Amino acid sequence: QVQLVESGGGLVQPGGSLRLSCAASGSIFSINAMGWYRQGPGKGERELVATISSGGSTNFADSVKGRFTISRDNAKNTVYLQMDSLKPEDTTVYYCNALVSNPTRRHYWGQGTQVTVSS
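What counts and how
- Residues numbered from 1 in each chain as written.
- Predicted model: local features only at pLDDT ≥ 70, side-chain atom pairs only at ≥ 80, totals over all residues.
- Heavy atoms only, no water.
- Helix = DSSP H or I, 4+ residues; strand = E, 2+ residues; numbered from the N terminus.
- Rg over C-alpha atoms; globule rule 2.2 N^0.38 Å.
- Buried < 20%, exposed > 50% of the residue type's maximum accessible area, 1.4 Å probe, protein only.
- Contact = heavy atoms within 4.5 Å.
- Phe/Tyr/Trp six-rings, centres within 6.5 Å; stacked < 30°, edge-to-face > 60°.
- Lys NZ or Arg CZ within 6 Å of the ring centre and 35° of its normal.
- pLDDT = per-residue confidence, 0-100.

## A few points about the overall build of the chain
Scanning the chain for helices and strands turns up zero helices and 11 strands. Beginning at the N terminus, the succession of helices and strands in the chain can be written as β-β-β-β-β-β-β-β-β-β-β. Over its C-alpha trace the chain gives a radius of gyration of 14 Å, about what one expects of a compact globule, namely 14 Å for 119 residues. Counting only C-alpha atoms and orienting by the principal axes, one finds that the chain spans roughly 45 × 30 × 20 Å. Relative to its 119 residues, the chain shows a buried fraction of 44%. For the chain, long-range pairs separated by at least 24 residues make up 52% of all intrachain contacts whose partners lie at least 6 apart in sequence.

## Topic: the packing of aromatic side chains
This model, assessed by the stated rule, comprises one aromatic pair. Here the aromatic rings of tyrosine 37 and tryptophan 109 are separated by 5.2 Å at their centres, their planes lie at 70°, and the arrangement is edge-to-face. Residue tyrosine 37 is found in strand β4 (residues 30-39), and its partner tryptophan 109 is found in strand β10 (residues 105-109); the two are separated by 72 residues along the sequence. Residue classification places tyrosine 37 among the buried positions, given a relative accessible area of 19%. Here the guanidinium or amino end of arginine 46 rests over the ring plane of tyrosine 95, the centre of that ring lying 3.7 Å away. Its guanidinium or amino end placed over the ring of tyrosine 108, arginine 106 lies 4.1 Å from that ring's centre, counting from NZ or CZ.

## Some words on the side chain of aspartate 90
For aspartate 90, the position within the fold is in the loop between β8 (78-83) and β9 (92-101). Each residue touching aspartate 90, except ones within four places of it in the same chain, is listed here: Arg38, Arg67, Phe68, Ser85, Val115 and Val117.

## Considering unusual backbone geometry
Put simply, asparagine 102 and proline 103 share a cis peptide bond, and its omega is -10°. The phi angle at asparagine 77 is positive, at roughly 50°, despite the residue not being glycine. Take asparagine 77: its relative accessible area is 24%, and that puts it in the partly exposed class.

## Some words on the confidence of the model for the chain
In this model, the chain carries a mean pLDDT of 94, and residues with pLDDT of at least 70 account for 99%. Averaged over each element, pLDDT in the chain is lowest for β4 (94) and highest for β8 (98).

Put into structure tokens, the structure is as follows:
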């Protein structure tokens with residue numbers, strides 16, 4: 001079993017910053033890509049925010065480019081999402097995702113953390 005534990009969500013004013021963290025633990029041989037998704041407008045829909053490969057290659061949604069940064073600490077099996085210049089439309093639940101080999105490859109999800117951007 002693999003667990004992903006997220007932290008760092010909360011309430012912030014427009015223009016402010018938050019840093020999300022997600023630590024993976026359990027039966028892990030290796031972690032390929034890690035990333036963050038967020039709840040979209042429709043129920044059950046999750047949209048990509050940012051991903052990072054084991055080698056450090058990153059990918060961002062157009063809506064967050066230039067404002068969000070993703071990084072990871074492979075020794076700690078942890079991924080971070082630095083969110084700057086936050087906007088009210090960034091308000092939603094953010095989910096961590098990891099593609100784990102143990103040894104079969106499958107995606108795991110965190111429980112979600114609420115981010116609210118409001119004055």
